[in-house]
Amino acid sequence: MDKDKEQAIARKGRRIGVVIAVTMLFWLAMSLFIGPAMELPGRYALLFDFAALAGFIYAGVNIFQLWRMRQDNQG
């Protein structure tokens, strides 16, 4: 069972890394390149910022859960 828990921790860590990377790429692409190229108004930049913030909050909550899983696994 210890092996299964370690695999779950590793899987969760990889998922968190992917969420952070994809969120950052999406945010940069939409705010700096795609939005201005499509001549979107500035209010859409705020929408992209809030979407990125939601992704980062999701990642932060999962990082806390991962930390708790690792603490339970050690002790």
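Note that the structure is a prediction, hence the values are computed from the model and not measured. (Residues numbered from 1 in each chain as written. Predicted model: local features only at pLDDT ≥ 70, side-chain atom pairs only at ≥ 80, totals over all residues. Heavy atoms only, no water.)

Student: Sorry if this is basic, but what is going on with helix H1 (residues 2-37) here?
Tutor: Structural remark: α-helix, 3.6 residues per turn; residues separated by three or four positions point the same way. With 36 residues, H1 ought to run about 52 Å at 1.5 Å a step, and its terminal C-alpha atoms sit 51 Å apart, in line with that. The sharpest bend along H1 reaches about 45 degrees and sits at Met30. Within the sequence span of H1, burial applies to Ile9, Lys12, Ile16, Val19, Thr23, Met30 and Gly35. Its buried side turned inward, H1 meets helix H2 (42-74). Downstream of H1 by one or two residues, Glu39 has phi in the positive range, about 55 degrees. (Helix = DSSP H or I, 4+ residues; strand = E, 2+ residues; numbered from the N terminus. Expected span 1.5 Å × (residues − 1). Bend = angle between axes of the 7 residues up to and from the residue. Buried < 20%, exposed > 50% of the residue type's maximum accessible area, 1.4 Å probe, protein only. Contact = heavy atoms within 4.5 Å.)

Student: Just to check I follow, could you spell out the packing of aromatic side chains for this structure?
Tutor: The description of an aromatic ring pair rests on the distance of the ring centres and on the angle between the ring planes. The tally for this structure, following the rule as stated, stands at 2 aromatic pairs. Ring geometry for Phe26 versus Phe48: centroids 6.3 Å apart, planes at 85 degrees, classification edge-to-face. Of this pair, Phe26 sits in helix H1 while Phe48 sits in helix H2; the two residues are 22 residues apart in sequence, bridging distant segments of the chain. Residue classification places Phe26 among the partly exposed residues on the basis of a relative accessible area of 38%. We classify Phe48 as buried; its relative accessible area is 10%. (Phe/Tyr/Trp six-rings, centres within 6.5 Å; stacked < 30°, edge-to-face > 60°.)

Student: Before we go on, may I ask you to explain unusual backbone geometry in this structure?
Tutor: Apart from glycine, the bulk of residues carry a negative phi angle, and the bulk of peptide bonds sit in the trans form. Residue Glu39 is not a glycine yet carries a positive backbone phi of 55 degrees. Glu39 gets classed as exposed once you look at its relative accessible area, which sits at 71%.

Student: Can you help me understand the packing of H1 against H2 in this one?
Tutor: Each pair of packed helices can be described by the angle between their axes along with the distance between the axes. Relative orientation of the contacting elements H1 and H2 amounts to 165 degrees, with a least axis distance of 9 Å. Judged by the inter-axis angle, H1 sits roughly antiparallel to H2. As for the relative orientation of H1 and H2, their crossing is left-handed in sense. A class-by-class count of the residues in the contact of H1 with H2 yields 18 nonpolar, 7 polar and 8 charged. (Axes fitted to C-alpha atoms, helices over the stretch in contact; angles between N-to-C directions. Parallel < 35°, antiparallel > 145°, perpendicular 65-115°, else oblique. Left-handed = near helix turned anticlockwise from the far one by under 90°. Nonpolar A, V, L, I, M, F, W, Y, C, P; charged D, E, K, R; others polar.)

Student: Is there a simple way to explain the side chain of Asn62 in this structure?
Tutor: With respect to the helices, strands and loops of the structure, Asn62 is situated in helix H2. Asn62 has contacts with Lys12 and Ile16, leaving out every residue within four places of it along the chain.

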